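# An overview of the molecular structure
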Amino acid sequence: MSDIAVHDVPPAHDDTTAGHGADHGAGHGAHATATGLSNNKLAMWLFLGSECLLFGGLISTYMLYRGRHGRGPGPDQIFDIPLTSVSSFVLLMSSLTMVLAVNSAKREDYRNTNLWLVITALLGSLFVGGQVYEFTAFYHEGLGFTTSLFGSSFFTLTGFHGVHVTIGVIMLLSLALMLSRGRVTGDKAEVVEMIGLYWHFVDVVWVIIFTLVYLIPS
Amino acid sequence: MAIIERPSAVPATVGPAGGVSAFVTPSKALGSYRRPVSTTGWKSWVFTVDHKKLGIMYGAVSLFFFLVGGCEALLIRLQLAAPDNTVLSAGLYNEMFTMHATTMIFLFVMPMAAAFANYFLPLQVGARDVAFPRINAFGFWLFLFGGIFLNTSWILGGAADGGWFMYSPNSSALFSPSHGVDFWVLGLQLTGIASLVGAINLIVTVLNMRAPGMKMMRLPVFSWMVLVVQFLLLFALPVITVALFLLSFQRNFGATFFDVNQGADPLLWQHLFWIFGHPEVYIIILPSFGIISEVLPTFARKPLFGYKFVVFSGVAIGFVGWGVWAHHMFASGLGPVTVAVFSVATMLIAIPTGVKIVNWTLTLWGGKLWYTTSMMFAIGVIVLFTIGGLSGVTHAVAPSDTQQTDTYYIVAHFHYVIVGGAVMGLFAGFYYWWPKVFNRLLNERLGRWNFWLMFFGVNLTFGPMHILGLQGQPRRMVVWPSKLTGQGFFNLAFWNKVSTVGSFVLALGVLVFVINIVYVWKKAVPAPLDPWDARTLEWMTASPPKEHNFDAVPTVHSLDEFFHRKYEEVDGEHGPKLVKVKTAEEIMAEQVANADTHIHLPSPSYWPIILAFAFPIIAYGVIFNRVLCVIGAAVLLLAIFGWALEPSVADDSDYDPPADGGESTKELASIV
């Protein structure tokens, strides 16, 4: 995301932000926006709104097809709920560490920001690892991507979510690296917060997927 | 590019960019490269992030695709001119109508609306650029590459042939074995990403970048309609994205989503497609509604009648547009309750649309009408869209629609609303805003020819299709046999001929427009500053606008701000009347005198075009060779990191020292 100071800003504003601008979250250069929300954050919210319909479409497809597994294994035969519960717990905990990262960034404590970002990324990777393990196990039990409508729609839905988590992990690690090298321009706390928004969104989607796919019997 | 600084204003270290350069040297963000800094030549276009240049490029590319799609349409009409005709083979005919629709919708009307939005939205809200200029550039390049990618299918084994809604299972590899559908799916994914990032960008621009005093209810109607369209895009595109992914996974990776042997539901595709497809209808038409809501008041010399009603009915169309998608599926056996609900919802949406028609008509009522070409196109929209709207209401009646489904009657309806509504509206915009963008007035004499040829062309081409459709001629059939021609007034042969002749009249009208462009470009007579006595902010700046749009960001006091700066109300003999107190030139002079100091504009960048270039590589890889996917992904990653590490405003050291040896090295454009 890039955010440009295209407004005319009197120099006086800059003095205030240079001293202590992070808490106001108005972006670097503190150019006032018409709504008071920062451009970057508004854009991220809009993007996440759009993502809701992406997952909405995928979840609808799954719900339509989850009972249609032909001679292949169905949801009730194949899901290992205790295992997935553990990996879900890991992902939910990563939201907590993400909050701690945002909190540290707001206090301009970038050492702890980095620490929490890396821990969040590790928890996210653990979740993705769990998913890879689960996919492999399902494949060996006879549920492939092309086996049945249930197989195709299950792997597509959870796969899309897994890709989202993976992209999130890459962003978290890149952010940690860029922060430690001093490469983040503008309001650092806001950058951390934006990636946090994405991360929490991916988590919330998982809560819905876990409930609909795994917990509700078909 | 133009970073304008008055050398005397403030010490160089203080300023919006000062806080950035405190901890990073931007020009060294990724090692040793330098940013593009050209202000002239092709580089100034390829690496630009200026919304105006991008708008012009969007327009030029869309116009090109309009001509391509038009030629495809002419071939279709030639094939249907006579019974059992053999101009096109059956396979080629299928490709032709699929690509005609796809090109016209995704590569002409949508990006042409994006061209207008890009150019005029920041001007109308009083901003110096969009919120995310690099993303804007990325969106344009991705649209261009997506369009080229889609059309390369013609030479790489044949284009898509499943119709623009690509119904499954007809679009599966069994029934459509060439790579055409793969090209179509991936090409639409690319242009979809382009539209999505554009939508986010423009929404943030409208909401956040408004000039002081520019409240939402003072926004020009065009900006409002663009805003509604961007929200529709934001929520409709992900749904088609899902559908396209499912189809792609089925065709390329063996997934089973639309495999009826496995028990797949053929309605899944239809639902996903039309949940996108119906909002898409409003994505196509609302920008044009916005344009004529600017044109009509200007040339009627009256404020728009019921501004709030026009705005809110546009918003209402945006909302209700989500609840009518299944009226495209009345013939698919949804069940009586579903059909009834969608039937009623569809009739409901006629109300806000009708409100707009009434408001435009009442804007004309009692006005001192000035029949410029732009005005004639706008009135043409009212007339032709109303005709298309009326046949639309007959589709809302489900039993009647069941008879009309898949006949030429449907083709007649949507061409009246798309060509008569959306395209004519865009032409109204061309004639209205041409002097603003290019500082040339399009020739009015040629404009008359352009309008009347197009107006008669539309009616001659699409009017007879109502008759053809009600006589039962199905759409998408390569031939109509002579033994089914029929007799008397309603025979197919006569009306098919009329329609084909009409399509060439329409094409001639478009040709006159192209001639007009070339003619005024060669003639090179500058346009007056305010040729139409216009009302909105985009006219309150030079033509073409300077790179920073406004010398002084205007403070807005009312709707139609520019008009109210020119005119004041005084008491006359017969009540209050308007008196011109200032000319546009005087208002401009005030702006120059009070010019803002210290204007920072976004700097050009290599990354948007590089990032966009990664996508077609990946797409070709999906179809032909997965190695290309890996290469594309590598370019993608490189570009994303390069982008993230590049601050959006260039450092002083990226610019060459000014020739006059002044204090500031950023002085690339003069402010006066």
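### As for the overall build of chain B
The secondary structure content of chain B amounts to 19 helices and 2 strands. Reported as C-alpha extents along the three principal axes, the dimensions of chain B are approximately 85 × 75 × 50 Å. Buried positions account for 55% of the 672 residues belonging to chain B. Of the contacts made within chain B by residues no fewer than 6 positions apart, 82% connect residues no fewer than 24 positions apart.

### Here we look at the overall build of chain A
Helix and strand content of chain A: 7 helices and 0 strands. Looking at the 218 residues of chain A, the share that counts as buried comes to 45%.

### Observations regarding the domain arrangement of chain B
Residue and element names in this part refer to chain B. By domain assignment, chain B separates into domain 1 (53-256) and domain 2 (265-499 + 515-527). Between the C-alpha centres of domain 1 and domain 2 there is a distance of 18 Å. Tallying the contact residues gives 43 residues for domain 1 and 46 residues for domain 2. At the level of secondary structure, the elements contributing two or more residues to the side of domain 1 that touches domain 2 comprise helix H3 (51-79), helix H4 (90-125) and helix H7 (221-253). Among the elements that line the side of domain 1 that touches domain 2, the one with the most residues is H7, at 16 residues. Class assignment for the residues of the side of domain 1 that touches domain 2 results in 37 nonpolar, 4 polar and 2 charged.

### Some details on the packing of H4 of chain B against helix H8 (residues 267-300) of chain B
Residue and element names in this part refer to chain B. The contact between H4 and H8 brings their axes to 10 Å, and the two run at 35 degrees. Read as a crossing pair, H4 and H8 show a hand that is left-handed. Counting all contacts with H4, which are made through Ile105, Val109, Met110, Ala113, Phe116 and Ala117, the residues of H8 involved are Ile283, Ile284, Pro287 and Ile291. Class assignment of the residues belonging to the contact of H4 with H8 gives a composition of 10 nonpolar, no polar and no charged.

### What to know about the confidence of the model for chain A
Mean pLDDT over chain A stands at 85; residues scoring 70 or higher make up 85%. Across residues 1-30 of chain A, confidence stays below pLDDT 50; counting only partners more than four residues off in sequence or on other chains, it has 79 contacts.

### Some points on helix H9 (residues 307-320) of chain B
Residues and elements named next belong to chain B. The terminal C-alpha atoms of H9 lie 20 Å apart, and with 14 residues this matches the ideal 20 Å at 1.5 Å per residue to within 8%. Every buried residue of H9 is listed here: Tyr307, Val310, Val311, Ser313, Gly314, Ile317 and Gly318. Buried residues of H9, seen end-on, are gathered within an arc of 165 degrees and therefore sit on one face of the element. Packed against the buried residues of H9 are H7, H8 and helix H10 (336-364).

### Regarding the nonpolar core
By size, the foremost hydrophobic cluster in this structure holds 246 residues, and its most contacted members are Val109, Ile203, Leu234, Ala243 and Ala428 of chain B. Considering every element that reaches this core, the biggest residue donor is H7 of chain B, with 24 residues. For this core, the domains that each give at least three residues are domain 1 (53-256) and domain 2 (265-499 + 515-527) of chain B. When neighbours within four sequence positions are excluded, Ile203 of chain B is seen to be in contact with Leu46 of chain A together with Leu227, Gln230, Phe231 and Leu234 of chain B.

### Description of unusual backbone geometry
Residue and element names in this part refer to chain B. Note the cis peptide between Ser168 and Pro169, where omega equals 0 degrees. For Pro169, the location among the structural elements is in the loop between helix H5 (133-152) and helix H6 (180-208). Here Ser543 and Pro544 are connected by a cis peptide whose omega angle stands at -10 degrees. One can find Pro544 in the loop between helix H15 (492-523) and helix H16 (561-566). Phi at Asp84 is positive, roughly 50 degrees, even though this residue is not glycine. Relative to the assigned elements, Asp84 resides in the loop between H3 and H4. For Asp84, a count of 10 C-beta atoms within 10 Å puts it in the exposed group.

Rules and cut-offs
- Residues numbered from 1 in each chain as written.
- Chains lettered and ligands numbered in written order.
- Predicted model: local features only at pLDDT ≥ 70, side-chain atom pairs only at ≥ 80, totals over all residues.
- Helix = DSSP H or I, 4+ residues; strand = E, 2+ residues; numbered from the N terminus.
- Buried ≥ 20, exposed ≤ 12 C-beta atoms within 10 Å, placed from the backbone.
- Contact = placed C-beta atoms within 7 Å.
- Domains from an automatic or database assignment.
- Nonpolar A, V, L, I, M, F, W, Y, C, P; charged D, E, K, R; others polar.
- Axes fitted to C-alpha atoms, helices over the stretch in contact; angles between N-to-C directions.
- Left-handed = near helix turned anticlockwise from the far one by under 90°.
- pLDDT = per-residue confidence, 0-100.
- Expected span 1.5 Å × (residues − 1).
- Arc of directions from axis to C-beta.
- Core = buried A, V, L, I, M, F, W, Y, C linked by C-beta atoms within 7 Å.

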